[in-house]
Amino acid sequence: MIDKRLYLLDFDGTLTKKDTLFIFMKYFGGLYKFLIITFLFSPLFALVKIGILKASKIKLMYINAFLKKRSVKTTKNKLQQVDFKDILFKEAYLFLEDICSSPVNDVYIVSASLELWLQPMTIIFPNLKIIGTKYEQLNGIFQGSFNTPNCNGIEKVVRINESINLDKYSEIHVYGNSSGDKPMMKLGTHSKYKYFNN
């Protein structure tokens, strides 16, 4: 029997050079709309940062300003044009190419980001799987709500256990960069923190 290895990787700030929420919203809305909406939301982001408002609620409101009632097909087609080489650390991109090429590895990105804009990475890295926050769609239109809780903190562990049988792996490698990744990192036989940031 071949020993199987599991890789669980956070996305924003772990594989990427910076938080990608603003990158994708700028991509969806265009520069002018992005600047106006982000400026209007800046007081709310400040209140989230000091703990007065809940991050997941403001995150949903902000995403809705760009995506609610938008066509799923149009949005997904636009996402095919994203160059993830520009978003990921170079070392992280090469690392994903390497680990996704081995049949003994199962590789998951586990992220608070929407599965919507992570899914195109599975075309670049065919063995990659995504566990993220789900954004509701009905009849080909985004409805403006999350289908799942924000996939961060302990929710990452909940979603991992729902999707993966951890007992079948001889090694579990976990990569993260923030307090929201620490519950997930406790699952690892090998854990690395801010590994690609240097």
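In this report, the structure presented in the accompanying data block is examined.

About the thresholds
Counting starts from 1 at the beginning of each chain's written sequence and moves along it residue by residue. Per-residue local features of the predicted model are confined to residues with pLDDT of at least 70, and side-chain atom pairs are confined, for both listing and counting, to 80 or more; whole-chain, interface and lining totals are unaffected and use all residues. The side-chain numbers reported here are obtained from all heavy atoms of the structure, hydrogens and water having been left aside. What counts as a helix is a DSSP run of H or I of at least four residues, what counts as a strand is a run of E of at least two, and both are numbered from the N terminus. Only protein chains enter the area calculation, which uses a 1.4 Å probe; residues under 20% of their type maximum are buried, those over 50% are exposed, and those in between are partly exposed. Charge counting follows a simple rule: Lys and Arg are positive, Asp and Glu are negative, and His as well as the terminal groups are ignored. For this document, the term salt bridge refers to a Lys or Arg side-chain nitrogen within 4 Å of an Asp or Glu carboxyl oxygen. We call two N or O atoms a polar contact when they sit within 3.5 Å, provided that within protein one can donate a hydrogen and the other can accept it, with sequence-adjacent residues counted only if both atoms are side-chain atoms. Here a residue-residue contact requires only that any non-hydrogen atoms of the pair lie within 4.5 Å. A pair of cysteine sulfur atoms is labelled a disulfide when the two atoms are within 2.5 Å. Helix axes are fitted to C-alpha atoms over the stretch in contact, other axes to C-alpha atoms as well, and angles between N-to-C directions run from 0 to 180 degrees. Helix crossings fall into two classes, left-handed where the near helix is turned counterclockwise from the far one by less than a right angle and right-handed where it is turned clockwise. Note that Gly is not counted as nonpolar here; it falls among the polar residues with everything else outside the nonpolar set of Ala, Val, Leu, Ile, Met, Phe, Trp, Tyr, Cys and Pro and the charged set of Asp, Glu, Lys and Arg.

For the rest of this paragraph, the subject is the side chain of Asp 12. You can see Asp 12 is positioned in the loop between β1 (5–9) and α1 (21–49). The charged side chain of Asp 12 is buried without a salt bridge, its nearest counter-charge being Lys 59 at 6.9 Å. Here the side chain of Asp 12 touches Ser 113 through a polar contact of 2.5 Å, side chain to side chain. With residues up to four places along the chain from it excluded, the contact list for Asp 12 reads Lys 18, Asp 19, Thr 20, Leu 21, Ser 111, Ser 113 and Asn 177.

The next point concerns the state of the cysteines. Taken as a whole, this structure holds zero disulfides when the rule is applied. With no disulfide partner, Cys 100 has as its closest neighbouring cysteine sulfur the one in Cys 151, 18 Å distant. With a relative accessible area of 6%, Cys 100 lands in the buried category. Among the residues examined, Cys 151 registers a relative accessible area of 0% and is labelled buried.

The relative placement of two packed helices is expressed as an angle between their axes plus a distance between the axes. The interhelical angle for the contact between α1 and helix α3 (residues 72–79), taken along N-to-C directions, is 115 degrees, at an axis separation of 11 Å. Here α1 and α3 pass one another in a crossing that is right-handed. Mapping the contact onto sequence places Phe 24, Tyr 27 and Phe 28 in α1 and Thr 75, Lys 78 and Leu 79 in α3. Across the contact of α1 with α3, the residue classes break down as four nonpolar, one polar and one charged.

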